[in-house]
Amino acid sequence: WEVFGANLLKVNEVGSGMATSGLALHMTSVFVDELEQVCAGQTEGEGGGDLGHDLPDTIPSDVLSFLVEPFRILLCTNNSKALLKRVMVSVYAKLTQKCTRCMKEMESNASSEEVK
């Protein structure tokens, strides 16, 4: 994960060029979707084997905080409006939507169990 964060933050280096910015934009765009696939257990190993049986369906808050740390640092240190917007929309807004949806589902399930 340190390599991911280091590569993401290379966009802040002067003269790093378009390739680094493009990589940072891409990594930001796919982060939540990839995280969701891991938690859903849709990850396949070599030979097509399912690796999801050992993975949780939720992420503890301390782990999620660790995983979004490179994006938080990027928000604080980068001046590219395109990248900042992508981080806000593709990471933080998307996580907020998914967490809100999950909490509503949990609340709905809890209230339906109380009725039984």
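Scroll up to find the structure this text is about.
The following paragraphs examine the structure supplied in this document. (Residues numbered from 1 in each chain as written. Predicted model: local features only at pLDDT ≥ 70, side-chain atom pairs only at ≥ 80, totals over all residues. Heavy atoms only, no water.)

The terminal C-alpha atoms of helix α3 (residues 61–77) lie 24 Å apart, and with 17 residues this matches the ideal 24 Å at 1.5 Å per residue to within 8%. Of all bends in α3, the biggest is about 45°, found at V68, and the proline P70 comes one to four residues later. Residues of α3 that are buried include every one of L64, L67, V68, P70, F71 and L74, and no others. (Helix = DSSP H or I, 4+ residues; strand = E, 2+ residues; numbered from the N terminus. Expected span 1.5 Å × (residues − 1). Bend = angle between axes of the 7 residues up to and from the residue. Buried < 20%, exposed > 50% of the residue type's maximum accessible area, 1.4 Å probe, protein only.)

Once that is clear, we can look at the pattern of salt bridges. Counted according to the given criterion, the structure contains 3 salt bridges. Linking K94 and D33 is a salt bridge whose minimum nitrogen-to-oxygen distance equals 2.9 Å. Remark: D33 occurs in helix α2 (residues 17–40) and K94 occurs in helix α4 (residues 81–115); sequence separation between them is 61 residues. On the basis of relative accessible area, D33 is assigned to the partly exposed category, the value being 31%. The residue R72 makes a salt bridge to E69 at a minimum N-O spacing of 2.6 Å. A residue pair is termed a helical-turn pair when its members lie 3 or 4 positions apart in one helix, as R72 and E69 do in helix α3 at 3 residues. Residue R72 is classed as partly exposed on the basis of its relative accessible area, which comes to 41%. (Salt bridge = Lys/Arg side-chain N within 4 Å of Asp/Glu carboxyl O.)

This paragraph deals with the nonpolar core. If you look at the biggest cluster of nonpolar residues, it comprises 17 residues, and the most contacted ones within it are L8, F31 and F71. With sequence-adjacent residues up to four places away left out, F71 is seen in contact with F4, L8, M27, T28, F31, V87, V91 and Y92. (Core = buried A, V, L, I, M, F, W, Y, C linked by side-chain atoms within 4.5 Å. Contact = heavy atoms within 4.5 Å.)

Turning to the packing of aromatic side chains, a few remarks are in order. All chains considered together, the criterion is met by 1 aromatic pair. Ring geometry for F31 against F71: centres 4.8 Å apart, planes inclined by 55°, an arrangement best described as tilted. With F31 in helix α2 and F71 in helix α3, this pair connects stretches of sequence that are 40 residues apart. Here F31 matches F71 in class, with each residue buried. (Phe/Tyr/Trp six-rings, centres within 6.5 Å; stacked < 30°, edge-to-face > 60°.)

Tracing the sequence through the fold places S90 in helix α4. Overall, the relative accessible area of 13% leaves S90 in the buried class. Those residues in contact with S90 that lie beyond four places of it in its chain are T28, S29 and V32.

Here we take up the side chain of N78. By the element assignment, N78 lies in the loop between α3 and α4. At 2.6 Å, the side chain of N78 and the backbone nitrogen of S80 are in polar contact. (Polar contact = N/O pair within 3.5 Å; in protein donor to acceptor, adjacent residues only side chain to side chain.)

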